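Observations on the three-dimensional arrangement
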Amino acid sequence: MEVESSHSRHWAPFVVVIAVLLCAPAWGRIIYVDDDAAGANDGTSWKDAYAFLQDALADAGSAAEPVEIRIGQGTYRPNQGTNQTRGDRQSTFRLINGVALKGGFAGLSRPDSNARDVHAYATILSGDLAGDDVELQEARRLLDEPTRAENAYHVVSSDNVDETAMLDGVIVTNGNADVTGSNDPRDGAGGGLCNVDGRPTLIDCTFVANAARTGGGLYSETSPGGVSLLVLTRCTFRENAARDFGGAVSSSGADGPCSALMEDCVFVANYAGRDGGAFWIDSWDDPDIPGQLYRCTFENNVAEDKGAALYAGDSGGVTLQGCAFVGNRASAGAGIYSRACEYVAQNCLFAGNWATAGDALAFGSAEGTSDAVLVSCILWEAGDVISIGDNSSLTIAYSDIRGGWPGQGNIDADPLFADPGYWAPNDTPNDPNDDTW
């Protein structure tokens, strides 16, 4: 089938990039960080580990790369360390080429300091500079919470780095990029991580409770003459918020090539005041590496306007495979809203999403032309499944769509989910205004 051959071509670059990452160089030096260390604090061993991550980064930046920084469980703030200013909101952990930041080590609190479990031995990079943040029940409340007012603008930054700049096994939290008004691309963007012209590699990272004007958890932008590429594996974005676009992630290539390769990533309960509750993309037109999302899950994300899970602007070559869109809420396109985008979705699930127009999918009408192809997908919503504009085209094949859809091999049959999910017993959507939903 022609659709399938086109899809295969989309995935060729992904295989090449993953193969390159698997051939990472042997680390030439290990630097140790542990906030409980009381020895020489020179990073040469767990006993003599640096107490502050900033000191380890300064050491790694002046050393011969590649370098691995092993970080013991604990909480690390970017304004702590030599030459750092307490309370400096511009302080940030900067990724470095040839340097891998690896968290999740037991450190000095356990007999085997090198034991690693990113869940049991949490390594937290926190923008809560004053240590006074209160826990909130809803992501949207981050945007106006007074205890976040003095937090770091960007907990982590990556500027002009390549794929050898790595962040692995850490929790990034409490960033607050709330300042606007300058021409700096970092202004108001990327509370958790701000990436400009970078190609960082992120593995097993969690971004939680970060806020910004755009890209609450992560922001990626390409400036004129630059290239940006995000490579994320098994990363989780939970309860991040953006006042405008991209509650979890905002990625724009308006001034140059920009894309992302995401595998086994999870987006849960993120919020955007406008579009892209979880993920907002625009101008993804890199001919060499089309945007690709593989086995990603979008659940319970909210956008006040369009695209609760994914908002796709002027972009081409976006491919989704094995992704699930469940329980997301928006005005239009709770699963995917496409303004002027070409995308292919294969083996994807849309269920229990809610929107005024297009529970699963919505396409802009006067905004541009969108072309989408869905193969072997399930779209099982309780209301308006698809809303398609006059200038857009949608081809669906071998899929199960509630209410039916024309196309080869399509069916309208109850998929018999083991859990009815986000439907009330009377087979209608639960109240979308109910915060417990």
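None of the values given here were measured: they were computed from a predicted structure.

Focus on helix α2 (residues 53-61)
- In terms of burial, α2 is a largely internal element, seven of the nine residues being buried.
- Buried within α2 are the following residues: Leu 53, Gln 54, Asp 55, Ala 56, Leu 57, Asp 59 and Ala 60.
- Against β1 (29-33), β2 (67-72), β3 (74-76), β4 (93-94), β5 (99-105) and β6 (123-126) lie the buried residues of α2.

Some thoughts on the packing of aromatic side chains
- Under the definition given, this model contains twelve aromatic pairs.
- Ring geometry for Trp 280 versus Tyr 311: centroids 6.1 Å apart, planes at 5 degrees, classification stacked. Here Tyr 311 lies in strand β27 (residues 310-321) and Trp 280 lies in strand β23 (residues 279-282), a separation of 31 residues in the sequence. Of the two residues examined, Trp 280 and Tyr 311, each falls in the buried class.

Brief notes about the nonpolar core
- Counting 72 residues, the largest nonpolar core has Leu 53, Ile 69, Leu 167, Phe 279 and Leu 320 as its most contacted members.
- What Phe 279 contacts, discounting residues up to four positions off in sequence, is Val 249, Ser 251, Met 262, Phe 267, Trp 284, Leu 293, Phe 298, Ala 309, Leu 310 and Tyr 311.
- Core analysis: the second largest hydrophobic core is formed by ten residues, Ala 209, Ala 241, Tyr 271 and Val 302 among them.

A word on the state of the cysteines
- By the definition in use, this model includes zero disulfides.
- Residue Cys 205 stays outside any disulfide, its sulfur separated by 4.8 Å from that of Cys 235, the closest cysteine.

Parameters at a glance
- Residue indices begin from 1 for each chain and proceed along its sequence in written order.
- Only residues with pLDDT of at least 70 get local features here, since the model is predicted, and only at 80 or more are side-chain atom pairs given and counted; chain-wide, interface and lining totals rely on the full set of residues.
- Excluding hydrogens and water, the side-chain figures rest on all heavy atoms present in the structure.
- Note on exposure labels: buried denotes an accessible area under 20% of the residue type's maximum, exposed denotes more than 50%, and partly exposed covers the range between, all computed with a 1.4 Å probe on protein chains only.
- Helix numbering and strand numbering both begin at the N terminus, where a helix is a DSSP run of H or I of at least 4 residues and a strand a DSSP run of E of at least 2.
- Note on contacts: a residue pair is in contact if any heavy atoms of the two residues lie within 4.5 Å.
- Between rings of Phe, Tyr and Trp, where Trp is taken as its six-membered ring, a pair exists when centres lie within 6.5 Å; planes separated by under 30 degrees are stacked, by over 60 edge-to-face, and by other angles tilted.
- By convention a nonpolar core is built from buried Ala, Val, Leu, Ile, Met, Phe, Trp, Tyr and Cys residues, the set being connected through side-chain atoms within 4.5 Å.
- Count a disulfide wherever a pair of cysteine sulfur atoms falls within 2.5 Å.

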